[in-house]
Amino acid sequence: CLYLHFSLSLCDSVSFHPFLQCVQSFISPPPVCHRGPCHPNPCHNGGTCEISETFRGDTFIGYVCKCPSGFNGIHCQHNVNECERSPCRNGGICTDLVANYSCECPGEYMGRNCQYKCSGPLGMEGGIISNQQITASSTHRALFGLQKWYPYFARLNKKGLVNAWTAAENDRWPWIQLFTVKKSVGSWKDHRIHIYIYIYIYIYITAPIEAQYVRIYPQVCRRHCTLRMELLGCELTGCSEPMGMKSGHIQDYQITASSIFRTLNMDMFTWEPGKARLDKQGKVNAWTSGHSDQSQWLQVDMLRPTKITGVITQGAKDFGHVQFVGSYKLAYSNTGERWLIYQDVKQKKDKVFQGNFDNDTHRKNVIDPPIYARFIRILPWSWYGRITLRAELLGCTEEE
Ligand SMILES: [Ca+2]
């Protein structure tokens with residue numbers, strides 16, 4: 001009886017009648033060798049069994065199951081519900097996974113926990129999307145060709161006599177196209193953008209688009225196909241929300257500066273730092289430094305360490321005089337005392353960011369790698385007229 005020898009060598013601590021065992025093996029399943037409580041493994045879902053003096057109630061069971069993450073229970077039989085602590089924010093729908101969860105985010109939210117709002121203007125109105133990034137199938141020419149309704153006029157709220165894009169009359173299949181990120185910014189994959197389109201006629205797209213190019217085909221037009229529009233969205237990395245210079249979420253007391261200019265030395269024309277807010281309107285609508293040299297700074301206190309991923313700057317006009325910052329450096333600090341200047345990693349020196357070229361167009365710089373700090377300073381490096389700034393910081397307050 002071959003089976004007998006095999007059984008005996010494996011189960012030498014178990015005593016049984018050799019002959020009976022051999023006979024049984026032909027009529028019923030092979031006998032089970034008793035080699036402690038961990039054989040066979042009583043733990044489910046990949047748990048490892050360890051010999052231990054363990055009681056379950058009054059019963060000695062002699063082992064414990066070490067469960068892999070995502071499972072618990074005496075035999076790791078229970079799949080932990082990671083959705084129980086409601087990790088998805090802003091109305092996201094949670095799906096429980098093995099040692100994980102996923103959130104399906106509604107409309108304008110994104111990120112692992114739907115924590116990022118993704119509905120900021122991408123820059124048709126403000127000018128971050130430059131003229132070269134806007135193309136179209138054709139351009140309408142009026143007044144014997146003198147008046148041209150170029151694609152780059154398709155900016156929300158554009159003013160003037162010619163204030164929109166219009167397709168040519170004989171254009172059977174008109175379209176307008178936007179390229180959302182300039183090639184020089186980096187690989188396009190990192191800078192794909194999550195987009196909502198908010199056209200002047202208020203079409204709202206509920207399912208977001210992830211793309212670098214967006215093309216709009218007008219379907220029904222009256223007289224001419226004419227458009228002004230804005231794109232709403234964010235970069236796919238999330239964390240590019242306006243931090244509140246424009247909205248006022250960052251309050252005046254959080255914004256300070258090295259010096260302040262007063263036009264004609266009059267208090268009513270004080271260009272104080274609290275006015276350095278993107279798109280601020282009025283006669284006195286920006287920060288202007290009292291001195292014009294490279295030791296000036298505009299400081300924002302975020303009140304706690306914050307991830308900053310971008311800066312938008314804008315100039316202003318002082319009674320008709322165009323003023324702006326043409327380039328700047330960035331400094332950051334957690335104490336407000338010791339400052340570090342943001343470095344160009346490749347060149348190993350202070351990074352100089354391109355600033356504005358006029359008094360009104362937004363200029364956005366991506367800060368990559370981002371800054372984590374409580375205090376941010378913009379250090380004007382070159383300027384036109386006086387050092388004058390309106391600004392917005394982009395980033396997010398929440399980290400994974
Ligand atoms: Ca689970």
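Labelled according to an unreviewed UniProt entry, the protein appears under the name EGF like repeats and discoidin domains 3, originating from Sinocyclocheilus rhinocerous.

1. Thoughts on the sheet that holds strand S19 (residues 213–216)
In sheet architecture, strand pairing relies on hydrogen bonds along the backbone and comes in two forms, parallel and antiparallel. Taken in spatial order, the 3 strands line up as S12-S16-S19 in an open sheet, and their pairing is antiparallel. Both edges of this open sheet fall to strand S12 (134–136) and S19, since each of them pairs with a single strand only. Taken over all neighbouring pairs, the strand axes of this sheet differ in orientation by 20° on average, direction set aside. Here 3 bridges tie S12 to strand S16 (residues 176–179), and the two strands are oriented antiparallel to one another. Looking at the pairing, alanine 136 lines up with isoleucine 176 of S16.

2. Notes on the nonpolar core
In this structure, Ile376, Ile378, Leu389 and Leu393 are the most contacted members of the largest nonpolar core, which totals 39 residues. Every element with two or more residues in this core is listed here: strand S23 (255–257), strand S27 (298–314), strand S29 (321–333), strand S34 (363–384) and strand S35 (388–396). In contact with leucine 393, not counting residues within four places along its chain, are Met243, Met245, Val300, Ile308, Val311 and Ile376. Of all hydrophobic cores here, the second largest spans 17 residues; its members include Ile129, Phe153, Ala164 and Trp165.

3. Re the environment of glutamine 219
Looking at the secondary structure, you find glutamine 219 in the loop between S19 and strand S20 (226–227). The exposed category is assigned to glutamine 219, around which 7 C-beta atoms lie within 10 Å.

4. Focus: the confidence of the model for the protein
On average, residues of the protein score 85 in pLDDT, and 84% of them are at 70 or above. Contacts from residues 182–190, a stretch scored under 50 in pLDDT, to residues over four places away or in other chains number 6 contacts.

5. Comments concerning the UniProt feature "domain: EGF-like" (unreviewed entry) in the protein
UniProt records the feature "domain: EGF-like" (unreviewed entry) for residues 34–77 and 79–115 in the present numbering. In residues 79–115, helix accounts for 0% and strand for 35%; the two terminal C-alpha atoms are 26 Å from one another.

6. Considerations on the environment of alanine 154
Of note, alanine 154 is situated in the loop between strand S14 (147–149) and strand S15 (165–166). Between the alpha carbons of alanine 154 and asparagine 131 there is a distance of 9.7 Å; along the sequence they are 23 residues apart. With near-sequence residues (within four places) excluded, alanine 154 lies in contact with Ile134, Ala164, Trp165, Ile176, Leu227, Arg228 and Met229.

7. Description of unusual backbone geometry
A cis amide bond, omega -5°, links histidine 39 with the succeeding residue proline 40. Structurally, proline 40 can be placed in the loop between helix H2 (18–27) and strand S1 (48–51). The omega torsion across aspartate 368 and proline 369 is 5°, close enough to zero to call that bond cis. Topologically, proline 369 is positioned in strand S34.

What counts and what doesn't
Residues numbered from 1 in each chain as written. Predicted model: local features only at pLDDT ≥ 70, side-chain atom pairs only at ≥ 80, totals over all residues. Pairing = 2+ DSSP bridges. Helix = DSSP H or I, 4+ residues; strand = E, 2+ residues; numbered from the N terminus. Axes fitted to C-alpha atoms, helices over the stretch in contact; angles between N-to-C directions. Core = buried A, V, L, I, M, F, W, Y, C linked by C-beta atoms within 7 Å. Buried ≥ 20, exposed ≤ 12 C-beta atoms within 10 Å, placed from the backbone. Contact = placed C-beta atoms within 7 Å. pLDDT = per-residue confidence, 0-100. UniProt positions renumbered as here; feature names shortened; annotations may be inferred.

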